[in-house]
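Chain by chain, the residues:
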Amino acid sequence: LCSCEFTKIMKKVSTKVMLIVLVISLFASAGITALTEKVKNLEEDYNINSDYKADIRSSIESLRGELENDNLDQATKNELQASIDANQIALDNDVNINQSFWKTELIFSNIQTDKENFYNLKLLGDNESADKVQSLIDKKINLLKNDDFNGYLEQEKVDLKDKLDTGVIDKDTYDDEVYIIDLKAKYEIGKIYNVNDNWKISTLEEIKILKSNIRSGVDTLTQKVLTEKGLKEAKDNIKLNEYRLEHNYPPFVSGTGSIGSARKTYDYIVSSFTMLVLAIMIIIIAGSSISTEISKGTIKFWSFTPNKRWKILLSKLFVDTIILLITTICITLLSTVVGNVFFGSQNTQPYIYVSGESVHTISYVLFAILYNLVIGIDIFMFLLLAMMLSTVARNTAVSVGISIAAYLGGSTVTQIINSFVKSDWIKFVPFNNLSLQSKIFSNDMSYMASAMINEMLSNTSVEFSLAVLGVCAIIMIIT
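Let me begin by describing the structure that accompanies this report. In this text the structure is predicted, and so the values were computed from the model without any measurement. (Residues numbered from 1 in each chain as written. Predicted model: local features only at pLDDT ≥ 70, side-chain atom pairs only at ≥ 80, totals over all residues. Heavy atoms only, no water.)

## Here's the deal with the nonpolar core
Counting residues in each nonpolar core, the largest one holds 54 residues, and the members touching the most others are Met281 and Ile282. Those elements that provide at least two residues to this core are helix 2 (13-49), helix 11 (261-287), helix 14 (309-343), helix 15 (364-393), helix 16 (396-420) and helix 19 (462-478). The dominant element in this core, judged by the number of residues it contributes, is helix 15, at 14 residues. Beyond its immediate chain neighbours, meaning those up to four positions away, Ile282 contacts Asp320, Ile323, Leu324, Ile379 and Leu383. (Core = buried A, V, L, I, M, F, W, Y, C linked by side-chain atoms within 4.5 Å. Buried < 20%, exposed > 50% of the residue type's maximum accessible area, 1.4 Å probe, protein only. Helix = DSSP H or I, 4+ residues; strand = E, 2+ residues; numbered from the N terminus. Contact = heavy atoms within 4.5 Å.)

In structure tokens, the structure reads:
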């Protein structure tokens, strides 16, 4: 029965066409990636080659225009004057304000605040304190002139110690901030402007947030009290982020620069694109499995054979599933080859995860296969839906049309419903339990991106989602 079913499927013109489209989608994904990277590079070239001095002068003129408003109170005028001074310091020291690195941080986060403090102290008549602040400003400007990155980090620690001594921050916050500064020094994060280091700056911010979450016991993103499991996840993510920094393994975050970002972008585009084409192919095969037999009249020949009805149906389901598995593995391996040809194999990186107290890795190729196989769970559910509709409705157009529409639009509709309905029963909706790859392989993204996706997906566990999908699968098979 299986051999007969497989032969019939592979002889269909639609199957051959979809397989050709699958292969074409690999090269289309490479083209889309190349175009995306070209746009990113143009934006980056603008940041590097733009006339930043003209931008600074324009900003200064705009601020001076605001300062001439007589209706402003003195505190606001001091704030505007401090901003003017900061821009002038950037202009005098040839600091490109369109680039984010330690000099821009020093000028617009530290010196500008000190300048505002200086003017406020002058306003209060506290000249002694104002002179101390001015001395500190001069010291920081010298760091700029001497290009002293390490001196800047040491000054950051001095400023933190002053805040600790004056009670502005507590000891735990001080320790966390010093730890972040030490990471900056160790990996020279922000020493020079490099678009490939953007992810490192975001990772440092994430570590800071995670440490704050652990101290407070509250998730900053969701404002929920962290359970024991949540605390462990926060600690594990700190380990993962430290491992990323040490081995230069950026997480995937769309739109941010990183080493090998073109390859990572390709991997996600090709996975989404090819699995979409594969899903449509499988749905067409499953949706026409019974209805085509009925429309062509070949179902009568099956009824004359000694085979039970459940054997005939099970053979079709088995063959469709095998085609899904084999095609997924083959297309993943082929996409790896295409990626290596167009974007280089040196930019591939393993998947990292925490087991016990240490960080472990899964090879790039194995991870790619596992990732797409998990996406295949979603496709398998719609395979069952299409086959069930084909059996019940006995109409190929209905079964295929409804199944494809559900596959393409079901998650979007469910997200809209989730935004309005906050009841617990919403977790039992099958669509809320799909996209298991974002739950199982959450470490491939940054912690914040992964947390946002889980929140959108009703924050259900992998075990719960598999149980709901398992029940749905059994119901569809019985039907």
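## Side note on the packing of aromatic side chains
Inspection of every chain in the model, using the stated rule, returns 16 aromatic pairs. With a centroid separation of 6.3 Å and 80° between ring planes, the pair formed by Phe27 and Phe342 is classed as edge-to-face. Linking Phe27 in helix 2 with Phe342 in helix 14, this pair joins segments that are 315 residues apart in sequence. Given the relative accessible area of 45%, Phe27 is considered partly exposed. In this structure Phe342 comes out as partly exposed when scored by relative accessible area, which is 48%. An angle of 40° between the planes, with centres 5.3 Å apart, marks the rings of Tyr266 and Phe343 as tilted. Of this pair, Tyr266 sits in helix 11 while Phe343 sits in helix 14; the two residues are 77 residues apart in sequence, bridging distant segments of the chain. (Phe/Tyr/Trp six-rings, centres within 6.5 Å; stacked < 30°, edge-to-face > 60°.)

## Quick word on the pattern of salt bridges
Summed over the entire model, instances satisfying the criterion amount to 21 salt bridges. A salt bridge links Asp159 to Lys140; the shortest N-O distance between them is 3.2 Å. You can see Asp159 sitting in helix 7 (residues 149-165) and its partner Lys140 sitting in helix 6 (residues 127-145), a full 19 residues away along the chain. Taking relative accessible area as the criterion, Asp159 reaches 15% and is therefore assigned buried. For Lys140, a relative accessible area of 2% translates into the label buried. Two residues, Lys157 and Asp182, come together in a salt bridge whose shortest N-O distance is 2.8 Å. Here Lys157 is found in helix 7, whereas its partner Asp182 is found in helix 8 (residues 171-187), with 25 residues between them in sequence. A relative accessible area of 35% places Asp182 in the partly exposed class. (Salt bridge = Lys/Arg side-chain N within 4 Å of Asp/Glu carboxyl O.)

## Here we look at the pairing of strand 2 (residues 358-362)
Inspection of the sheet shows strand 1 (residues 351-355) paired to strand 2 by five bridges, in the antiparallel sense. When the sheet's bridge partners are listed, Tyr353 is paired in strand 2 with His360. What sits between the antiparallel neighbours strand 1 and strand 2 is a turn of two residues, in which Gly356 has the positive phi angle 70°. (Pairing = 2+ DSSP bridges.)

## Considering the side chain of Asn237
Within the secondary structure, Asn237 sits in helix 10 (residues 228-247). On the accessibility criterion, Asn237 (12% relative accessible area) is buried. When sequence neighbours within four positions are dropped, the list of residues in contact with Asn237 reads Leu210 and Tyr447.

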